Each structure stands twice: as C-alpha cells, then as structure tokens.
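In case you want the letters, here they are:
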Amino acid sequence: MNKISIILATYNWHTALDIILDNLCRQLRKKNNVEIIIADDGSNEITAEIIRKYQAFNSQIKRVWHEDLG
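Report on the accompanying structure. A quick note: this is a predicted structure, and the numbers were derived from the prediction, not measured.

### Here's the deal with the packing of helix 1 (residues 14–28) against helix 2 (residues 45–55)
Two quantities define a packed helix pair, namely the angle between the axes and the distance from one axis to the other.
Then, number 1: One can describe the packing of helix 1 onto helix 2 by two numbers: an axis separation of 10 Å at closest approach and a directional angle of 10°. Considered as vectors, helix 1 and helix 2 are oriented roughly parallel to each other. Side by side, helix 1 and helix 2 meet where His 14, Leu 17, Asp 18, Leu 21, Asp 22 and Cys 25 of the first sit next to Ile 46, Thr 47, Ile 50, Ile 51, Lys 53 and Tyr 54 of the second.
Then, number 2: Partitioned by chemical class, the residues of the contact of helix 1 with helix 2 number seven nonpolar, two polar and three charged.

### Considerations on helix 1
Given 3.6 residues to a turn, an α-helix orients residues that are three or four positions apart in the same direction.
Then, number 1: In a regular helix each residue adds 1.5 Å, so 15 residues correspond to 21 Å; helix 1 covers 21 Å between its end C-alpha atoms and thus fits that length.
Then, number 2: Here helix 1 has its buried residues at His 14, Ala 16, Leu 17, Leu 21, Leu 24, Cys 25 and Leu 28. Considered in projection along helix 1, the buried side chains sweep an arc of 155° and stay on one side of the axis. Exposed positions of helix 1 whose direction lies more than 90 degrees from the buried face are Thr 15, Arg 26 and Gln 27.
Then, number 3: Turning to helix 1, the residues buried within the fold contact strand 1 (4–10), strand 2 (34–40), helix 2 and strand 3 (61–65).

### Focus: the pattern of salt bridges
Then, number 1: By the definition in use, this model includes four salt bridges.
Then, number 2: Here Arg 26 makes a salt bridge to Asp 22, at a shortest N to O gap of 3.0 Å. Linking Arg 26 with Asp 22, this pair stays in helix 1, spanning four residues, or about one helical turn.

### Thoughts on the environment of Ala 16
Then, number 1: Inspection of the secondary structure puts Ala 16 in helix 1.
Then, number 2: Separated by twelve residues in the primary sequence, Ala 16 and Ile 4 have C-alpha atoms spaced 22 Å apart.

About the criteria used
Residues numbered from 1 in each chain as written. Predicted model: local features only at pLDDT ≥ 70, side-chain atom pairs only at ≥ 80, totals over all residues. Heavy atoms only, no water. Axes fitted to C-alpha atoms, helices over the stretch in contact; angles between N-to-C directions. Helix = DSSP H or I, 4+ residues; strand = E, 2+ residues; numbered from the N terminus. Parallel < 35°, antiparallel > 145°, perpendicular 65-115°, else oblique. Contact = heavy atoms within 4.5 Å. Nonpolar A, V, L, I, M, F, W, Y, C, P; charged D, E, K, R; others polar. Expected span 1.5 Å × (residues − 1). Buried < 20%, exposed > 50% of the residue type's maximum accessible area, 1.4 Å probe, protein only. Arc of directions from axis to C-beta. Salt bridge = Lys/Arg side-chain N within 4 Å of Asp/Glu carboxyl O.

So this is what it looks like as structure tokens:
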C-alpha cells in the first residue's frame, strides 16, 4: 500500500489550522497510509498547542518547525 503525505504550510493562523486539522482527522481517521506534515514557518506556541492536540489522537501528524528569522 502506498503512503500519502499531505503537507500543510502554516504561520500563526491558528483558527484555519484548527479547522483544517479537525476536518482532515475526521476524514482520515481510519486510514493508516496517510500522514499529515505541518511545515511551520516559526509560529508561536499557540500553533504548537493546536498541533499537539491533534497528535494525541493521530500519530501520523508531524510538525517541522524552524525559527522565524524575519
């Protein structure tokens, strides 16, 4: 079975990220071959909290973060 990766780019848009992750998790809850990779462009701790909330229910969610250097 092939693995599917969904890549989301984010930067401090907490409401949108929460809505997107909620909907993706609902649609993909029974799919083991789909991972969600969040490319975080230096967002603050609120974004990290939202991601951790969904990671608690879906181990296929990964966060790649780098410092915001302007």
